Amino acid sequence: MSGVIHWHGKALPFRKGETVATVLLRAGVVDFGASATGQRCSIFCGIGQCQSCLVEVKSRGVAEACLLICEEGMHLSSVGEYPLAESGTHGS
Amino acid sequence: MARNVVLVVGAGIAGISAANVLADAGQEVLLVDQAPQAGGNFYRQSFPEARELPRPRRVRERWQGAMARLQAHGDKISLRCSVRFAGVDHTGVACLSDLKGNNDHLLRPAAVIVATGATECVRPRPGGTTPGVMTVGALQTLLKSSGESPNGPIVLAGTGPLLMAVGAQLAKAGNPPLCILDTARPYRRALSGLRLPASYLLEAVDYLGTLVRAGVPIYWGAEVAGIAPGDRHHRLKISIQTRGGKRRQIGADYLGLHDGLKPNDYGVTTEPELKVWRTGDCREVLGARAAALDGERIGSQVADYLGGGKFSDRWAPDIARHRQAQAVLHLLYPDMRPFDIAGADKTTVLCRCENRTVEDLRALGQTTAKQARLLGRFAMGPCQGRFCGETLAASLTANPDDGRSAVASPVLSSRWPIAPIRVQGIVDAELPDPSSANE
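Computed from a predicted structure; not experimentally measured.

Q: Please provide a residue-by-residue account of the overall build of chain A, values included.
A: Looking only at helices and strands, chain A features one helix and five strands. Ordering the α and β elements of chain A from the N terminus gives β-β-α-β-β-β. Burial analysis of chain A (92 residues in total) assigns 49% to the buried set. Restricting to contacts in chain A with at least 6 residues of sequence separation, those with at least 24 account for 44%.

Structural data, given as structure tokens:
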């Protein structure tokens, strides 16, 4: 394991180059929370086509868990969890 | 970036083969893929620190050969991963979106080759959006990239040879599926199956052998009737309907669904200012071996178009053999019958993105595709109808007596960008100088 990401504040270890999707599933997190339309976010197509696995990256905005590579100390949550001012795409 | 670069989208075996042939002809190539690593689906590589899944030697060697050629062309081919192709606009500008959060990249390539492989077809099923339900391809992606199976019992259902392939791979990774349900009954056409090339038959025998040794039951002619959230033992409660019409329930943590493959070519259009080619499964779903050949073939065609080399279709006979093999597979695994909206459970979600159900579509009454989109929000979410478009089209035309057959506009119309991109990323991107088009 080469670092940790934080899912709703909980530290989860990851291996270098791994996607957020595999880390969450290994930790037993399958339901990523509700989307804006009320549907549950979770892995569906696994290759970036369906937009079902959206998560919120603190100070970056939404991203697909299946394509997002873990970075040390990354804070992640369900979509809409971080206030907009905080999740602007410029990180300010 | 100048006009003399060919943009190849998708670093699977088709895209890499095309890039190699173009570089052989002296052409500069920008090869992009939205995945973290090159490989595509068939040759998907494990993450740097993950365990590598055992693969047949010939498969490893084919991949290593293609990558060795790619690396030898390091001065001509630039490979960029975690980069998403967002489409080509009417002025011939292609947009690349950086998934690591950097600025987007706008360029005027000399030509575009789209090698984005296939999309899985998954028909709606009651409870089909319950977390833990995913495509069989998604399970395979997780398995190949992380080197391990997701924890907990798995059921695979739908139709097609991929079910057995992934079932066998899960078994070899130490987590054989509880069972495989396939609506087809390929044994009824076993004699047709013998017309398959030997390599296809050997692969099938290998998968079947692995599944039998692991004790995985395969229920032919069986289907998932519904999915519900499970209990404290299992995440999912799966209701199964066997060929005889009997129903029973099994508990599992994951359900993989797969009802076939189609080209992943949403939004791929040729613009007057820029010619766009497709290759591999994105052009015609014929599998990885054919995709390697087709990549070389299209790469050679584009090199010819740009004035470097003479194209002669020496790949056609081999590709035709794979086409014949796919036709035989289609006999063994015919398409499922069309989704029956009239008999469907009303709570079944048709459009995942917008969370729209069978009941929502019925409530619209007689409707055209355009009305279903604008009034019903069907196929209007961020996946742009990639997964529900076909079902929706079939549902709208299902009953010619109720007026729904008056579907004038297509359910799916390509819109730029062809995948979600960050607005800020494109605001900050530099627009290429139009004069560079004349270089």
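Q: Give a description of the environment of G385 of chain B that names residues and reports values.
A: Mapping G385 of chain B onto the fold places it in the loop between α10 (369-374) and α11 (389-396). Remark: the alpha-carbon pair of G385 of chain B and R69 of chain B, spanning 316 residues in sequence, is separated by 37 Å.

Q: How would you sum up the pairing of strand β16 (residues 254-258) of chain B? Please name residues and give values.
A: Residue and element names in this part refer to chain B. Most of β16 is tucked away: five of the five residues are buried. Going residue by residue along β16, you find Y254, G256 and H258 tucked away on one face and L255 and L257 tucked away on the opposite face as well. The pairing of strand β9 (residues 133-135) with β16 spans three bridges and is parallel. Across the sheet, V133 pairs through a bridge with L255, a residue of β16.

Q: Break down the sheet that holds strand β15 (residues 247-252) of chain B for me, citing the residues and quoting the values.
A: Residue and element names in this part refer to chain B. What the three strands build is an open sheet, ordered β13-β14-β15; its pairing is antiparallel. Only two strands of the sheet have a single partner each, and these edge strands are β13 (223-229) and β15. Strand after strand, the sheet turns through a mean of 25° between neighbouring axes, direction not considered. Of the pairings in the sheet, the one linking β13 to strand β14 (residues 236-241) comprises six bridges and is antiparallel in character. Considered in β14, the bridge of V224 is made with I240.

Q: So, the sheet that holds strand β5 (residues 94-98) of chain B: which residues are in play, and what are the values?
A: All names here are of chain B. Reading across from one edge, β4-β5-β6 is the order of the three strands in this open sheet, with antiparallel pairing throughout. The open sheet has two edge strands with one neighbour each: β4 (83-88) and β6 (105-107). Strand-to-strand twist of the sheet, defined as the mean angle between neighbouring strand axes without regard to direction, takes the value 20°.

Q: Describe in detail helix α4 (residues 161-172) of chain B, supporting the description with residues and values.
A: Residue and element names in this part refer to chain B. Helix length check: α4, at 12 residues, gives a terminal C-alpha distance of 17 Å against a target of 16 Å (1.5 Å per residue), a fit within 8%. The element α4 is largely enclosed, with a buried count of nine among its 12 residues. Considered for burial, the residues of α4 that qualify are L162, L163, M164, V166, G167, A168, Q169, L170 and A171. On its buried face, α4 sits against α3 (136-146), β10 (154-158), β11 (179-182), α6 (198-213) and β16.

Q: Kindly report on the nonpolar core, identifying the contributing residues and their values.
A: In terms of nonpolar packing, the biggest core is built from 144 residues, with V20 and A65 of chain A together with V8, A19, V112, I113 and L255 of chain B touching the most fellow members. Ignoring any residue separated from it by four or fewer positions in sequence, one finds A19 of chain B in contact with V8, V29, L31, L70, I77 and G299 of chain B.

Q: Would you mind going over unusual backbone geometry in detail, with residue names and values included?
A: All names here are of chain B. With phi around 60°, N355 is a residue other than glycine that occupies positive phi space. In this fold, N355 is placed in the loop between β19 (349-351) and β20 (356-357). N355 sits in the partly exposed class, given 19 other C-beta atoms within 10 Å. One non-glycine residue with positive phi stands out, namely Q384, at about 60°. Summarising the element assignment, Q384 is placed in the loop between α10 and α11.

Q: Could you give me a rundown of the environment of H258 of chain B, with the residues and numbers involved?
A: Residues and elements named next belong to chain B. Tracing the chain through its elements places H258 in strand β16. For the pair H258 and V122, spaced 136 residues apart in the sequence, the C-alpha separation amounts to 5.5 Å. The residues contacting H258, other than those within four sequence positions of it, are E120, V122, T135, V136, G137, G158, G160, L162 and L163.

Q: Account for the pairing of strand β1 (residues 3-7) of chain A, with residues named and values stated.
A: Residues and elements named next belong to chain A. Bridge analysis of β1 against strand β2 (residues 10-14) gives five bridges, and the strand direction is antiparallel. When the sheet's bridge partners are listed, I5 is paired in β2 with L12. The antiparallel hairpin formed by β1 and β2 contains two residues in its connecting segment, where H8 sits at a positive phi of about 50°. For β1 and strand β5 (residues 75-77), the ladder comprises two bridges, and the chain directions are parallel. By the bridge assignment for β5, W7 is matched with L76.

Q: Run through the domain arrangement of chain B, naming residues and quoting values.
A: For chain B, the assigned domains read domain 1 (5-119 + 263-327), domain 2 (122-259) and domain 3 (338-429). In this assembly, 11 residues from domain 1 of chain B lie in contact with 13 residues from domain 2 of chain B.

Q: Can you tell me about the interface of chain A and chain B, naming the residues and giving the values?
A: Chain A puts 31 residues into the contact, and the matching count from chain B is 38 residues. Residue composition of the side of chain A that touches chain B, by class: nine nonpolar, 16 polar and six charged.

Q: Explain helix α1 (residues 13-24) of chain B to me, and be specific about the residues and the numbers.
A: Residues and elements named next belong to chain B. Here α1 spans 16 Å end to end across 12 residues, near enough to the 16 Å set by a 1.5 Å rise per residue. Across the 12 residues of α1, 11 count as buried, placing the element largely inside the fold. All buried positions along α1 are accounted for by I13, A14, G15, I16, S17, A18, A19, N20, V21, L22 and A23. Elements in contact with the buried residues of α1: β1 (5-9), β2 (28-33), α2 (57-72), β3 (77-81), β7 (111-114) and α7 (288-305). At the exit of α1 stands G26, carrying a positive phi of roughly 90°.

What counts and how
Each chain has its residues counted from 1, following the order in which its sequence is written. By the order in which they are written, chains take letters starting at A while ligands take numbers starting at 1. Given that the model is predicted, a residue must reach a pLDDT of at least 70 before its local features are reported, and side-chain atom pairs must reach 80 or more before they are shown or counted; all residues, however, enter totals for whole chains, interfaces and linings. To qualify as a helix, a DSSP run of H or I must reach at least 4 residues; to qualify as a strand, a run of E must reach at least 2; elements of each kind are numbered from the N terminus. Counts of 20 or more other C-beta atoms within 10 Å of a residue's own C-beta define buried residues, counts of 12 or fewer define exposed ones, and intermediate counts define partly exposed ones; C-beta atoms are placed from the backbone. In this description, any two residues whose backbone-derived C-beta atoms lie within 7 Å of each other are considered to be in contact. A pair of strands is labelled paired if DSSP reports no fewer than 2 bridges between them. Only the stretch in contact is used when fitting a helix axis, every axis being a line fitted to C-alpha atoms; angles between N-to-C directions are given from 0 to 180 degrees. Multiplying 1.5 Å by the residue count of a helix minus one yields the expected span of that helix. Only buried Ala, Val, Leu, Ile, Met, Phe, Trp, Tyr and Cys residues enter a nonpolar core, and they are joined through C-beta atoms within 7 Å. Domain start and stop positions are those given by an automatic or database domain assignment. Only Asp, Glu, Lys and Arg are considered charged, only Ala, Val, Leu, Ile, Met, Phe, Trp, Tyr, Cys and Pro nonpolar, and every remaining residue, Gly among them, polar.

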